[in-house]
Amino acid sequence: MTYNIAVLPGDGTGPEMVREGIKVLEAAGQKQGFKLAFHPYDLGGERYLRTGETLPDSVLQELKACNAIYLGAVGHPEVKPGILETGILLKIRFSLDQYINLRPVKLYPGVHTPIKEKGPGEIDFVVVRENTEGLYAGVGGFLKKGTPDEVAVQESVNTRRGVERCLRFAFEYCRKRDREKKLTLCGKTNVLTYAFDLWERAFHEIGQADYPELQRDYVHVDAAVMWMVKNPEWFDVIVTDNMFGDIITDLGAMIQGGLGIAAGGNINPKGVSMFEPMGGSSPKYTGQNVINPLAAISAGAMLLESLGEEEAAAAIEGALMRVCRDHVKSMQAGQMGYSTREVGDLVARYL
Ligand code: IPM
Ligand code: MN
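Residues numbered from 1 in each chain as written. Chains lettered and ligands numbered in written order. Predicted model: local features only at pLDDT ≥ 70, side-chain atom pairs only at ≥ 80, totals over all residues. Heavy atoms only, no water.

A. Up close: the overall build of the protein chain. Secondary structure assignment for the protein chain yields 11 helices and 12 strands. Relative to a compact globule of 351 residues, whose C-alpha radius of gyration would be 20 Å, the protein chain shows 20 Å and is just as compact. Overall, the protein chain is about 50 × 50 × 40 Å in size when its C-alpha atoms are taken along their principal axes. Counting every position in the protein chain, which comprises 351 residues, the buried fraction comes to 53%. At a minimum sequence separation of 6, the contacts of the protein chain that also span at least 24 residues come to 76%. Per element, the accessible surface of the protein chain, about 15,500 Å² overall, is 51% carbon and sulfur. Charge centroids of the protein chain, computed over 38 positive and 45 negative side chains, lie 2 Å from each other. (Helix = DSSP H or I, 4+ residues; strand = E, 2+ residues; numbered from the N terminus. Rg over C-alpha atoms; globule rule 2.2 N^0.38 Å. Buried < 20%, exposed > 50% of the residue type's maximum accessible area, 1.4 Å probe, protein only. Contact = heavy atoms within 4.5 Å. Areas by Shrake-Rupley, 256 points an atom, 1.4 Å probe, with all protein chains shown as cover. Lys, Arg positive; Asp, Glu negative; His and termini not counted. Charge placed at Lys NZ, Arg CZ, Asp CG, Glu CD.)

Now the structure itself:
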């Protein structure tokens, strides 16, 4: 079996992180008896500055033909913020209909969390973020732009179909997960009385009809961030919209040890999915062999899981946990006690 993986190393430290991820993925494939063919694409700031292109249609077509996409990071100090994010990252999410952004928040033994008196037993939940609608849909516009009477409108788009498929994914995920069997809807029903009314109705209708054995819970987003710090053990699976999901998963990344370890998947369950470390391109650490590749390696494990290579994914997670427990001193770039390459070597060795 050979899987075709499109690789988008991207900008800054993206290539260094992805290089270690590929090292580990290849080692895992060798152990489990599958092959990975990596197809690199030079999308990112450098290409944009050279050619003005972000994501050409021809590349998009090729991405659609792969088994999965492995992304490093996009973001370049000389490119105006927004161009690469919308032109590459969001364009892939939308064009490939990757309607789920799956972000596990799991504290591994040996990893420091800033939350006092909480450990791996308390910090282990997953955020299912809707990934194609909400405020990210790009609906809105300006009126009288540049004048004192200027108006800017940006609408949150919530379709029954889009909300429902996200909720169903979350219910299914919660059912399979060996934890509390509790799905928490994170919204703002007290103010966003249209959008989250739809979410809440769909949540209970679907839950009652098709997942009656799962516990249903609701939190307002402002309370959710409070509980994520105070009582993270209350959460098993959280489902939420695109914007809230973006915000709460950065907090999630911090409580699991930082962006050096946090990974996520942009998932189309019936199509091509994309996996990425959550941290950005970290320009100031570029080329220094000090960035933490564990998030990228973890994203690689998620990628294999999505391909059905569960054993290989579990092996990577096990090796990664050992490296966290016995080696890496801090998840912070430059403070790991090891170089980027050495961390990759360690994970590959423990597979
Ligand atoms: C993320 C990022 C992106 C988002 C940006 C870079 C467009 O913050 O993946 O969480 O807002 O979704
Ligand atoms: Mn974000």
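Don't stop here, the text continues.
B. Just the pattern of salt bridges, in detail. Here the structure, examined in full by the defined rule, presents 25 salt bridges. Between Lys 23 and Glu 20 there is a salt bridge, with its nearest N and O atoms 2.5 Å apart. With a gap of 3 residues between them, Lys 23 and Glu 20 both fall in helix α1 (residues 14-32), about one helical turn apart. Owing to a relative accessible area of 0%, Glu 20 belongs among the buried residues under this scheme. Note that Arg 177 and Asp 124 form a salt bridge whose closest N and O atoms lie 3.5 Å from each other. Taken as a pair, Arg 177 in the loop between α5 (160-176) and β8 (182-187) and Asp 124 in strand β5 (residues 124-130) lie far apart in primary sequence, 53 residues in all. Each member of the pair, Arg 177 as well as Asp 124, is classed as buried. Look at the salt bridges and you will find they share partners, linking Arg 160, Glu 164, Arg 168, Glu 205 and Asp 210 into a network. (Salt bridge = Lys/Arg side-chain N within 4 Å of Asp/Glu carboxyl O.)

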